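Spelled out from the first residue to the last, the chains are:
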Amino acid sequence: MLEIPESTIISRQADSILSGRKIVQVLPANSPHKFTWYNGNPANYPSLLTGRRIETVKGYGAFVDLIMDRDTHLLIGDGTIMKYYSPEENCPGKYQQLILLDDGSFLVFTVAMYGGIYAFQGEYANPYYQGSIHKLSPLDQRFDEAYFEAMIGNTKKTISAKALLATEQRIPGLGNGVLQDILFHAGIHPKRKISTLNGMEKADLLYSIKGTLNRMIELGGRDTEKDFWGNWGGYRVLLSQKTFKKPCPRCGQEIIREAYLGGSVYYCPQCQPLPAINPF
């Protein structure tokens, strides 16, 4: 799924290849997917996008934005896979959209469970997109202790560490996927109430947010996700559906998986203890 590491890496890779390329043909889905969301009628995408020249590609939160001339955008959201194919490669059998470029290469967009492919000119009022553009990313130097403390101060003290980081779009693009390793490195249980965190623990959490995300990006993304060319990332995810049956990489205890706040959380009860006294 598209989270901060993926949107950052894919946008950088795509920008290096696509900048200056012109769209010569747009093919609609040859395998309709009822959980693929579009901006308006996708039948209008060819007239909007054909002939447009890609100027740059940017990543925001859980979005990758192909920015073209005439203030035209093609935006992909969480759940949509955008893969680049050279002119010599064969086209896959199924896709939710295909874009042919002026050098014979092409982009294929596919959706597994759900995802968005949004074409528009000018502004796009989607609140998640707007939040991703205008809110500070943890990759920004301005996302510092003062900013983080203010973010915590503006939330209810009864919420948990997971709720703080991965709900209400407080940090766009920080989702349930990257959350697990962030909390593990910080030694904080996903259900830990933020009211129980002391100053040092808050500093450790901020350090883990920034450090874990940057490490994921440095290594080309998570090994559970693919990049612009379809390659798996080089960051080995410690806590996920694929690894939770293995012992904790730090202490050897069994990793626990639980359903919590609309998804699964993974944690080590030894390295991420939940305080025995929790008044909330």
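Cut-offs used in this document
- Residues numbered from 1 in each chain as written.
- Predicted model: local features only at pLDDT ≥ 70, side-chain atom pairs only at ≥ 80, totals over all residues.
- Heavy atoms only, no water.
- Salt bridge = Lys/Arg side-chain N within 4 Å of Asp/Glu carboxyl O.
- Helix = DSSP H or I, 4+ residues; strand = E, 2+ residues; numbered from the N terminus.
- Buried < 20%, exposed > 50% of the residue type's maximum accessible area, 1.4 Å probe, protein only.
- Pairing = 2+ DSSP bridges.
- Axes fitted to C-alpha atoms, helices over the stretch in contact; angles between N-to-C directions.
- Contact = heavy atoms within 4.5 Å.
- Expected span 1.5 Å × (residues − 1).
- Phe/Tyr/Trp six-rings, centres within 6.5 Å; stacked < 30°, edge-to-face > 60°.
- Lys NZ or Arg CZ within 6 Å of the ring centre and 35° of its normal.

Caption draft 1: Representation of the pattern of salt bridges in the model. Under the definition given, this model contains 10 salt bridges. Of the charged contacts in the structure, one is a salt bridge between Arg21 and Asp102, with a shortest N-O distance of 2.6 Å. One end of the pair, Arg21, is in the loop between α1 (4-18) and β1 (23-28); the other, Asp102, is in the loop between β7 (97-101) and β8 (106-111), and 81 residues separate them in sequence. The class for Asp102 is partly exposed, based on a relative accessible area of 34%. Note that Glu201 and Arg192 form a salt bridge whose closest N and O atoms lie 3.0 Å from each other.

Caption draft 2: Examining the pairing of strand β5 (residues 72-76) more closely. In terms of burial, β5 is largely enclosed, as 5 of its 5 residues are buried. The alternating pattern of β5 places Thr72, Leu74 and Ile76 on one face and His73 and Leu75 on the opposite face, and all of these are buried. Where strand β4 (residues 63-68) folds back onto β5 in an antiparallel hairpin, the turn is made up of 3 residues, including Arg70, whose phi is positive at roughly 60°.

Caption draft 3: Fine view of the sheet that holds β4. In space, the 5 strands of this open sheet follow the order β2-β9-β5-β4-β3, with mixed pairing throughout. Bordering the open sheet on either side are β2 (36-38) and β3 (54-60), each of which pairs with just one other strand. Pairs of neighbouring strands in the sheet enclose a mean axial angle of 15°, with direction left out of account. Sheet topology places β4 next to β5; 5 bridges connect them, and they run antiparallel. Along β5, the bridge assignment pairs Asp65 with Leu75. Where α1 meets the sheet, it contacts β3 and β4, and its direction lies at approximately 170° from that of β3. Running over the sheet, helix α3 (residues 127-134) touches β3, β4, β5 and β9 (115-121) and is turned about 85° from β4.

Caption draft 4: Here's a closer look at the pairing of strand β10 (residues 256-260). Bridging between β10 and strand β11 (residues 263-267) involves 5 bridges; their strand directions are antiparallel. Paired with Glu258 across the strands is Val265, a residue of β11. Two successive antiparallel strands, β10 and β11, enclose a turn made up of 2 residues, where Leu261 displays a positive phi of approximately 55°.

Caption draft 5: Expanded view of the sheet that holds β8. Strand order in the open sheet formed by 4 strands is β1-β7-β8-β6, with antiparallel pairing between adjacent strands. In the strand order of this sheet, the two ends are held by β1 and β6 (80-85), each with one partner. Each strand of the sheet is rotated relative to its neighbour by a mean of 15°, with strand direction disregarded. Bridge analysis of β7 against β8 gives 4 bridges, and the strand direction is antiparallel. Within β8, the residue paired with Leu98 across the bridge is Val108. Running over the sheet, α1 touches β6, β7 and β8 and is turned about 35° from β6.

Caption draft 6: Spatial organisation of α1. Taking 1.5 Å of rise per residue, the 15 residues of α1 would be expected to cover 21 Å, and the 20 Å separating its terminal C-alpha atoms lies within 8% of that figure. The element α1 is largely enclosed, with a buried count of 11 among its 15 residues. Gly20 sits one or two positions beyond α1 and adopts a positive phi of about 95°.

Caption draft 7: Examining unusual backbone geometry more closely. Notably, Asp71 is not glycine yet its phi reads approximately 55°, a positive angle. Its place among the elements puts Asp71 in the loop between β4 and β5. Its relative accessible area of 44% is what places Asp71 among the partly exposed residues. Positive phi, normally seen in glycine, also occurs at Gln169, with a value near 55°.

Caption draft 8: How the structure looks around the packing of aromatic side chains. By the definition in use, this model includes 14 aromatic pairs. A ring pair is formed by Tyr84 and Phe228, whose centres lie 5.5 Å apart and whose planes are at 25°; its orientation type is stacked. Of the two residues, Tyr84 is situated in strand β6 and Phe228 in the loop between α7 (199-218) and β10; the sequence distance between them amounts to 144 residues. Taken individually, Tyr84 and Phe228 each receive the classification buried, so the pair is uniform in this respect. Judged by centre distance (5.8 Å) and plane angle (45°), the rings of Phe244 and Tyr266 are tilted. Of this pair, Phe244 sits in the loop between α7 and β10 while Tyr266 sits in strand β11, placing them 22 residues apart in sequence. For the pair Phe244 and Tyr266, a shared accessibility class is recorded, and that class is buried. Here the aromatic cluster, defined as three or more aromatic residues joined through ring pairs, consists of Tyr60, Phe63, Tyr118, Phe120, Tyr124 and Tyr129. If you follow Lys242 out to its NZ or CZ, it ends over the ring of Trp232, 5.2 Å from the centre.

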